[in-house]
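# Per-entry structural report
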Amino acid sequence: MGQIVNRKSLSLPRYYGIIHFMKFYAYVVPRKGLQGVSETWKGCEALVRGEPEARFKSFRTRDAAHAWLGAGGRYEDKTVVAKGIYFDAGTGRGEGVEIKVTDEKGVALLPEIMPKGQMSIRGTHTIAREVSNNYGELLACKYALMLAMKTGAKNVFGDSRLVLDYWSKGYIKKETLPRETLSLAYEIAALRKKFESEGGILRHISGDDNPADLGFHRR
């Protein structure tokens, strides 16, 4: 970012939105025989909402979006360089906030610690109440840490800088967030401390390379 930020005086939600990257939204709608790239989420959402087989993904360049479509527009096309546990949250299906935790091959891991009745056929979990996508990222991080400690994995990856650099460390703006989010953040901070004391590391990965990526993240 090219500047030093004083965390103590930082308003985290505002800081997280300082840089705005233009995004391009690639979509595939098999039932209608459609695929293409939209410059806005609104345009993409109008085509994929309510389409159970639709696939969509955000990119920072139009060329990258077209490259994904050219490769078949499949979520599993990832370049994974490390073994570990990966997590993500997304709102793109229009059904609420969905969370996903996988291994480096994209194999869903939530079924190992979550009741079957709470799982989708995709191995994901949709939160059955109104919460933000950031809350979803936080909850996904919790399950990823729990799985890592259960299996002995030493690397946990996510693409949310807010969760990795702030909320999972207990750095959270108390005045502007719901009590439920604060409680979860502090719970995860304790989990992270234990995980790291046992040699574990939380790492950032680009959403483009995250095998748990749900295609689109709306903050």
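Conventions and cut-offs
- Residues numbered from 1 in each chain as written.
- Predicted model: local features only at pLDDT ≥ 70, side-chain atom pairs only at ≥ 80, totals over all residues.
- Heavy atoms only, no water.
- Core = buried A, V, L, I, M, F, W, Y, C linked by side-chain atoms within 4.5 Å.
- Buried < 20%, exposed > 50% of the residue type's maximum accessible area, 1.4 Å probe, protein only.
- Helix = DSSP H or I, 4+ residues; strand = E, 2+ residues; numbered from the N terminus.
- Contact = heavy atoms within 4.5 Å.
- Pairing = 2+ DSSP bridges.
- pLDDT = per-residue confidence, 0-100.
- Axes fitted to C-alpha atoms, helices over the stretch in contact; angles between N-to-C directions.
- Parallel < 35°, antiparallel > 145°, perpendicular 65-115°, else oblique.
- Left-handed = near helix turned anticlockwise from the far one by under 90°.
- Arc of directions from axis to C-beta.

### Brief notes about the nonpolar core
Formed by 37 residues in total, the largest nonpolar core has its most connected members in Ile 85, Phe 87, Ile 99, Val 101, Leu 145 and Val 156. Sorting the residues of this core by element identifies strand E4 (85–90), strand E5 (98–103), helix H4 (133–151), helix H5 (161–165) and helix H6 (179–197) as the ones contributing at least two each. For this core, the element with the most residues is H4, which contributes 10 residues. When sequence neighbours within four positions are dropped, the list of residues in contact with Val 156 reads Ile 85, Phe 87, Ala 144, Leu 145, Ala 148, Phe 195, Ile 201, Leu 202 and Arg 203.

### Describing the pairing of E4
Within a regular beta strand, the side chains point alternately toward one face of the sheet and then the other, so they alternate between its two faces. Of all 6 residues in E4, 6 are buried; the element is thus mostly enclosed. Side chains of E4 alternate between two faces, with Ile 85, Phe 87 and Ala 89 and Tyr 86, Asp 88 and Gly 90 buried alike. Pairing of E4 with E5 involves 6 bridges; the strand directions are antiparallel. Residue pairing for E5: Phe 87 is matched across the bridge by Val 101. Taken together, the 3 bridges between E4 and strand E7 (residues 155–158) define a ladder with parallel strand orientation. Among the inter-strand pairings, Tyr 86 is bridged to a residue of E7, identified as Phe 157.

### Observations regarding the confidence of the model for the chain
For the chain, per-residue confidence averages 84 on the pLDDT scale, and 85% of positions sit at 70 or higher. Across residues 1–20, where pLDDT falls below 50, the model places 24 contacts with residues more than four positions away in sequence or in other chains.

### Quick notes on the packing of H4 against H6
Two numbers describe how H4 lies on H6: the axes approach to 10 Å, and their chain directions differ by 30°. With respect to H6, the axis of H4 lies roughly parallel. Considering how the two elements wind past one another, H4 and H6 form a crossing that is left-handed. Residues Tyr 135, Leu 138, Leu 139, Cys 141, Lys 142, Leu 145, Met 146, Ala 148 and Met 149 of H4 form the contact with H6, whose own contacting residues are Glu 180, Thr 181, Leu 184, Ala 185, Glu 187, Ile 188, Leu 191, Arg 192, Lys 194 and Phe 195.

### A closer look at helix H2 (residues 41–48)
Turning to H2, its buried residues number three or more, namely Trp 41, Cys 44, Glu 45 and Val 48. When H2 is viewed along its axis, its buried side chains cluster within an angular range of 100° and face the same direction. Across from the buried face of H2, at angles greater than 90 degrees, the exposed residues are Lys 42 and Ala 46. Residues of H2 that are buried sit in contact with strand E1 (24–29), strand E2 (34–38) and strand E3 (55–59). Remark: Gly 50 follows H2 within two positions and exhibits a positive phi of approximately 80°.

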